[in-house]
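For reference, the chains in residue letters:
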Amino acid sequence: MAVGYEMSLQDYLRVVFKRKWIILICTFAVFVTSIVYTSKLTPVYETAGVVELQYTSTLANLLADALLYKGNELATAIQFATSMPVMERAAVSLGMVDRDAPQAAKLSAGSSIQPGMRARGDGQTNLIVLSYSHSDPVHCAKVVDAVMEGFIEAYSLRNTRDA
């Protein structure tokens, strides 16, 4: 090319047509690879449920709050929602382990649920969103229901014990 020569549209088209087979083969290879990859993926479903955290303002609670620092109650509840006591209750509720089973068996069953479980709050409300991811949508729904029930039972028991 000479100095100061500008390529025109015809020059670009000439390069593209000259290399058309390389462009077509690369495009086809990427297309086929993406189809094969996406067909091998297993779908992951996510189910979510919402629990409302209600605070009771009794005189004893107000006095205890004034004397003892209990931390942020919502943040504590969010962490507690994915704790092992809640997961163990959910495993029992799902029938993964018997209620009278040894603690090690309950711990093992709860540990199988815990990795897919997440709890979050938005900071503006007293709502806790519990979500679970799994490849089986029916199992997802059952686990979220069982964890929500287990959270309600365990959190109520914890607060009753504290009182």
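The structure contained in this document is the topic of the report that follows. It should be emphasised that the depicted structure is a prediction, and the values quoted were computed from it without experimental measurement. (Residues numbered from 1 in each chain as written. Predicted model: local features only at pLDDT ≥ 70, side-chain atom pairs only at ≥ 80, totals over all residues. Heavy atoms only, no water.)

**Overview of helix α5 (residues 84–94)**
Convention followed: Three exposure classes are used, based on accessible area relative to the maximum for each residue type with a 1.4 Å probe and protein chains only: buried under 20%, partly exposed in between, and exposed over 50%. We count a stretch as a helix when DSSP gives it H or I for four or more residues in a row; a strand needs E for two or more, and each element gets its number in order from the N terminus.
Taken together, the buried positions of α5 are M84, V86, M87, E88, A90, A91 and V92. Taken from the residues just after α5, G95 is the one with a positive phi, measuring 80°.

**A few points about the side chain of D11**
With respect to the helices, strands and loops of the structure, D11 is situated in helix α1 (residues 9–18). D11 gets classed as buried once you look at its relative accessible area, which sits at 10%.

**Some words on a nonpolar patch on the surface**
We count it as follows: Candidates for patches are residues over 30% relative accessible area with no salt bridge; among them, like charges are joined within 9 Å and nonpolar side chains (Val, Leu, Ile, Met, Phe, Trp, Tyr) within 5 Å. Computed by Shrake-Rupley with a 1.4 Å probe, the accessible areas treat only the displayed protein chains as cover when residues are assessed. Whenever a carboxyl oxygen of Asp or Glu lies within 4 Å of a side-chain nitrogen of Lys or Arg, that contact is scored as a salt bridge.
A grouping of Y5, M7, L9, Y12, L13, V15 and F17 is seen on the molecular surface, where their side chains present a nonpolar patch of about 750 Å² in accessible area. In this structure, L9 sits in helix α1. Since its relative accessible area comes to 62%, L9 is described here as exposed.

**Points about the nonpolar core**
Our working definition: Nonpolar cores were defined as sets of buried Ala, Val, Leu, Ile, Met, Phe, Trp, Tyr and Cys residues, with membership established by side-chain atoms within 4.5 Å. Here a residue-residue contact requires only that any non-hydrogen atoms of the pair lie within 4.5 Å.
If you look at the biggest cluster of nonpolar residues, it comprises 30 residues, and the most contacted ones within it are I113, L130, V147 and F151. For this core, the elements supplying multiple residues, two or more each, are α4 (73–81), α5, α6 (103–113), β3 (127–134) and α7 (137–162). Broken down by element, the residue count for this core peaks at nine residues, all from α7. Residues within four places of V147 in sequence aside, it is in contact with A81, V86, M87, A90, I113, M117 and L130.

**With respect to the packing of aromatic side chains**
Stated formally: Two rings from Phe, Tyr or Trp (for Trp, the six-membered ring) form a pair when their centres sit within 6.5 Å of each other. Planes less than 30 degrees apart are called stacked, planes more than 60 degrees apart edge-to-face, and all others tilted.
Throughout the structure, instances matching the rule amount to three aromatic pairs. For the ring pair F80 and Y155, a centre distance of 5.8 Å and an interplane angle of 55° mean the geometry is tilted. Taken together, the positions of F80 in helix α4 and Y155 in helix α7 put the pair 75 residues apart, joining distant regions of the chain. Both residues of the pair, F80 and Y155, count as buried. Geometrically, the ring pair formed by F151 and Y155 is stacked, given 5.3 Å between the ring centres and 25° between the ring planes.

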